[in-house]
Amino acid sequence: VVDGRTGIMPEDRTAFQVAKSTGLPMLVVVNKCDKTLEADQYLTDFYELGTDLLPAAFERDFHIDQIVEWILARLGDDEMRGREGFRLAIVGKPN
């Protein structure tokens, strides 16, 4: 989870490189996409990461459903979905 208002920061790049090294599916959620720009315009700074991006605004519940759908789509077949629990990491700095 990154801050769409501030753009990409050095610590975002560092966290991304660590997460990318796992080889696991990864989504970068660009939060705070709820003010002056169209939601997709907040993504511009983050395209350099070369991974899936989704704009969101957690305070307004904007695109939370798309984040959940992205996660569920990558869980795999029905056997995987039927298994109890899965591991999910959300990385970001608190406000």
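Structure's up top.
Residues numbered from 1 in each chain as written. Predicted model: local features only at pLDDT ≥ 70, side-chain atom pairs only at ≥ 80, totals over all residues. Heavy atoms only, no water.

Participant: For this particular structure, what's the right way to read a nonpolar patch on the surface?
Facilitator: Together, V1, F58 and I90 make up a nonpolar patch on the protein surface, roughly 280 Å² of accessible area in all. Positionally, F58 belongs in the loop between β3 (52-55) and α2 (64-73). (Patch = residues over 30% accessible without salt bridge, like charges linked within 9 Å, V, L, I, M, F, W, Y side chains within 5 Å. Areas by Shrake-Rupley, 256 points an atom, 1.4 Å probe, with all protein chains shown as cover. Salt bridge = Lys/Arg side-chain N within 4 Å of Asp/Glu carboxyl O. Helix = DSSP H or I, 4+ residues; strand = E, 2+ residues; numbered from the N terminus.)

Participant: Mind showing me how you'd approach the nonpolar core here?
Facilitator: Counting 13 residues, the largest nonpolar core has V28, V30, F46 and L49 as the members making the most contacts within it. The contact partners of V28, leaving out residues within four places of it in the chain, are V2, F16, L49, T51, D52, L53 and L54. L27, V29, I67 and W70 belong to the second largest nonpolar core, which has six residues in total. (Core = buried A, V, L, I, M, F, W, Y, C linked by side-chain atoms within 4.5 Å. Buried < 20%, exposed > 50% of the residue type's maximum accessible area, 1.4 Å probe, protein only. Contact = heavy atoms within 4.5 Å.)

Participant: Teacher, can you tell me more about the pattern of salt bridges here?
Facilitator: Pairing between side chains becomes possible if they bear opposite charge and their charged atoms approach one another. What the rule picks out here adds up to three salt bridges. The salt bridge involving D3 is made with K32; its shortest N-O contact spans 3.2 Å. With D3 in strand β1 (residues 2-3) and K32 in the loop between β2 (27-31) and β3, the pair connects residues that are 29 residues apart, well separated along the chain. Across the pair E48 and R13 runs a salt bridge whose closest N-O atoms are separated by 2.9 Å. Of the two residues, E48 sits in the loop between β2 and β3 while R13 sits in helix α1 (residues 10-20), which places them 35 residues apart along the sequence. Of the residues examined, E48 reaches a relative accessible area of 52% and is grouped as exposed.

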